[in-house]
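# Overview (structure and organization)
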Protein chains: 2
Amino acid sequence: DDVLETQESVDHFKGEPMRHPALIRRAEKPFNGETPPSLLIEKFHTPNDVFYVRNHLPVPQVDAKTYSLEIDGISLNEVSLSLQDIKKFPKVSISATIQCGGNRRTEMGKGKPVAGLGWTGGAIGNAKWTGARLVDVLRTAGFKPEAYKHPEKFHVKFDGLDTDQSGECYGASVPLSYLLDGNFDAILAYEMNDKPIPIDHGFPIRIVLPGIVGARSVKWLSRVSISDEESQSPWQQRDYKVFSPSVSLETVDFSAAPPIMETPVTSYICSHDDGDKVKKGPLKLQGYAFSGGGRRIIRVEISLDKGKSWNIAKISDTNDTNLENTRNWSWVLWEANINIQSSAEIWVKAVDSGYNQQPEDFKNIWNYRGLLATAYHKIYLDVLT
Amino acid sequence: DDVLETQESVDHFKGEPMRHPALIRRAEKPFNGETPPSLLIEKFHTPNDVFYVRNHLPVPQVDAKTYSLEIDGISLNEVSLSLQDIKKFPKVSISATIQCGGNRRTEMGKGKPVAGLGWTGGAIGNAKWTGARLVDVLRTAGFKPEAYKHPEKFHVKFDGLDTDQSGECYGASVPLSYLLDGNFDAILAYEMNDKPIPIDHGFPIRIVLPGIVGARSVKWLSRVSISDEESQSPWQQRDYKVFSPSVSLETVDFSAAPPIMETPVTSYICSHDDGDKVKKGPLKLQGYAFSGGGRRIIRVEISLDKGKSWNIAKISDTNDTNLENTRNWSWVLWEANINIQSSAEIWVKAVDSGYNQQPEDFKNIWNYRGLLATAYHKIYLDVLT
Ligand SMILES: [Mo]
Ligand SMILES: [Mo]
């Protein structure tokens, strides 16, 4: 790195890792890069080196030998664990999709501008995450669900080792109730797709909270704490909340909406871009669909005539073959063989196991931060004549 | 009842209870009656005598003294419990909304006909349900979550005492995973709003499965069973499933969709009907909003200009004051003071704690059975000049 350092301009981003050239760079400091959607459909598990990177602060330098995770808070004993300590817990793996709250923001911003990084549909990825179960680790600190008589009043807070210039760290929290759900799989991940978790993804430990917006899966995890209040970080209190279309940055009351947790059902066409020119005749469309909260995708539908008729896409890749399964943390990859005879707008929508449906367009879910842009994905295909 | 009985026509509906005259009768045998929406907004807990009744079969005559509940199935001991036995378990109460899968069907059917009872927005109600926790009762039969290594392969089946003419009883099931969720509140209810549960609502015991479509909360409960298959009843296997708009009764593959469990976010204007004439000026609108799966309602919005601008309604009645709460089984009642200057279509939409949004209209969620009709509620108000 050849940035000049002076007393006025210290580069807090000196130690950043190398990034794969395929990542579409949306910001440099902090680094934010998006996976080209066409790469997302190549594999059910997105390769580590092209997995989208969403950093809020400079990447911290962490020495695995001296790393320690602190555990404390209400009805817990204070415990400090090394990476080796964490690796002694039963090793479990989950397949889980992580998605940025701003994924697909550019589509929402087309009608009316929104604030935030200009993600298209690649601020999402699916990986195999391996590590220790959070509840197993918390039990060594004396965690007992019965200790919290009103669990709705408590939160599990996560701090990262990444800090701003005043020393404040990245932070997030989730309601304690998630830990009381025997179906939930919070993992202190030290492996991503069977390799040590890369620096950009939280080396040596990332808390992976499946089905919940990516912003809560804190990287470079330094501390887990049970508290009677939420994380007070700006990312919990202000940035990742969705307000009414009638609310602007000037009129917003940040206390009027909860932080995003589970994300709504979404779907995306990855094989083609809006405006692509295609030949008349058979055409294979491919993409992903995902819903938060462990809700599986039960159906993906394609329309070539703005909803007059719908074709059911084939789920080409899923780790879930049980139609009655209520918990699934991974996206599905889908494909649809269509026959396109003239230029048309192509729509995709998905339905999740809670029979939630996507909104048809962005107008009525618009919010000034451009979050949870989960309307139907619509692309125009120009048929060559 | 003065129906003539002959050998050819035995009235299986002889023992039906009296029904409140306010119920809007949608079918007589079996009885189905809807609460007038204007009554729904009077009380947070819908009174028992006007709570909607959705019967699939004749109401059974049950003697509380000889009633028994059978428990059996995989990794359980066979246990038989009297009503008195059930009342010995810790007595717990939950406030929970129960909604028919066909609520608001008539709206969906306006664009294209659908099959089923012609419910408007009154096939829903909210009550206080009191009884024994299902997990407490199952524990006396030896229930241990650890006994089911692959919980996703198991189901909890519920049989009713109501039977068809061939002797087949009403039945339903839910995935076992619900019982592994420490936040879920399945109740063997013997009281509804602090009174013995009425005959039409399942006397002496109804299983109340909050956040799940009403069809699974089996009335006149006779048996709870853990099985490696779902209930094989037609209501589980065929009737309460939602298919693509492209599927008709002629083309349906019943195995292609899962039974409805959690229901999506919905909202309804109860104070006024479509086509009502109102005076120019201030007007108070009132209604309900609800989401399944324990998701609370975080916002209700009203538009007088087809989505160009939105007003945030006031939540006038809720049992949930904690914005971070992840589990809430009750609807909210809302009100909005608008100022109407000329005839207009009024829209209401709600957002739940998973930031799920309603679809804007019915066209793309249409299904031939008219289920989960959860688009924005839109009514036209005619301003008198
Ligand atoms: Mo994010
Ligand atoms: Mo129902």
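Conventions used here
Residues numbered from 1 in each chain as written. Chains lettered and ligands numbered in written order. Predicted model: local features only at pLDDT ≥ 70, side-chain atom pairs only at ≥ 80, totals over all residues. Heavy atoms only, no water. Salt bridge = Lys/Arg side-chain N within 4 Å of Asp/Glu carboxyl O. Helix = DSSP H or I, 4+ residues; strand = E, 2+ residues; numbered from the N terminus. Buried < 20%, exposed > 50% of the residue type's maximum accessible area, 1.4 Å probe, protein only. Pairing = 2+ DSSP bridges. Axes fitted to C-alpha atoms, helices over the stretch in contact; angles between N-to-C directions. Phe/Tyr/Trp six-rings, centres within 6.5 Å; stacked < 30°, edge-to-face > 60°. Lys NZ or Arg CZ within 6 Å of the ring centre and 35° of its normal. Polar contact = N/O pair within 3.5 Å; in protein donor to acceptor, adjacent residues only side chain to side chain. Least-squares fit on C-alpha atoms with pLDDT ≥ 70 in both. Contact = heavy atoms within 4.5 Å.

Let us look at the pattern of salt bridges. Residues and elements named next belong to chain A. Tallied over the entire structure, the rule returns 40 salt bridges over all chains. Taking the shortest distance from any N to any O, the salt bridge between Asp 159 and Arg 223 comes out at 3.3 Å. In this pair, Asp 159 sits in strand E8 (residues 155-163) while Arg 223 sits in strand E13 (residues 221-227), placing the two residues 64 residues apart along the sequence. For Asp 159, a relative accessible area of 17% puts it in the buried group.

We now examine the sheet that holds strand E8 (residues 155-163) of chain B. Residues and elements named next belong to chain B. If you trace the five strands from one edge of the open sheet to the other, you get E5-E4-E13-E8-E9, paired in mixed fashion. Every other strand in the sheet has two partners, leaving strand E5 (79-82) and strand E9 (169-175) as the edge strands with one partner each. On average, each strand axis in the sheet is inclined to that of its neighbour by 20 degrees, with strand direction left out of account. The pairing of E8 with strand E13 (residues 221-227) spans six bridges and is classified as antiparallel. Directly across from Phe 158, in E13, lies its bridge partner Val 224.

The next point concerns the packing of aromatic side chains. Counted according to the given criterion, the structure contains 30 aromatic pairs over all chains. An angle of 90 degrees between the planes, with centres 5.8 Å apart, marks the rings of Trp 310 of chain B and Tyr 376 of chain B as edge-to-face. Of the two residues, Trp 310 of chain B sits in the loop between strand E17 (297-303) and strand E18 (311-312) while Tyr 376 of chain B sits in the loop between strand E21 (344-352) and strand E22 (377-384), which places them 66 residues apart along the sequence. By relative accessible area, which is 4% here, Trp 310 of chain B ends up buried. Members of the aromatic cluster, each reached through a chain of ring pairs, are Phe 51, Tyr 52, Trp 119 and Trp 129 of chain A. Lying over the aromatic face of Trp 347 of chain A, Lys 378 of chain A brings its terminal NZ or CZ to 4.1 Å of the ring centre.

Secondary-structure assignment places Trp 347 of chain B in strand E21. Within the structure, Trp 347 of chain B has its side chain in polar contact with the side chain of Glu 345 of chain B (distance 2.7 Å).

Moving on, we come to the relation of the copies chain A and chain B. Between the two copies, chain A and chain B, the superposition gives an RMSD of 0.0 Å; the rotation angle is 180 degrees and the shift along the axis is 0.0 Å. Read as a symmetry element, the transformation amounts to a two-fold axis. Looking at the interface residues of chain A, 100% of them are also at the interface in chain B, so both copies use one shared face.

The next point concerns the sheet that holds E17 of chain B. Residues and elements named next belong to chain B. Pairing is mixed across the open sheet formed by five strands, whose spatial order is E15-E22-E21-E17-E18. Edge positions in the open sheet fall to strand E15 (277-279) and E18, since each of these has one partner strand only. Judged from the six bridges that link them, E17 and E21 form a sheet pairing that is antiparallel. The residue bridging Arg 299 from the neighbouring strand is Val 351, located in E21.

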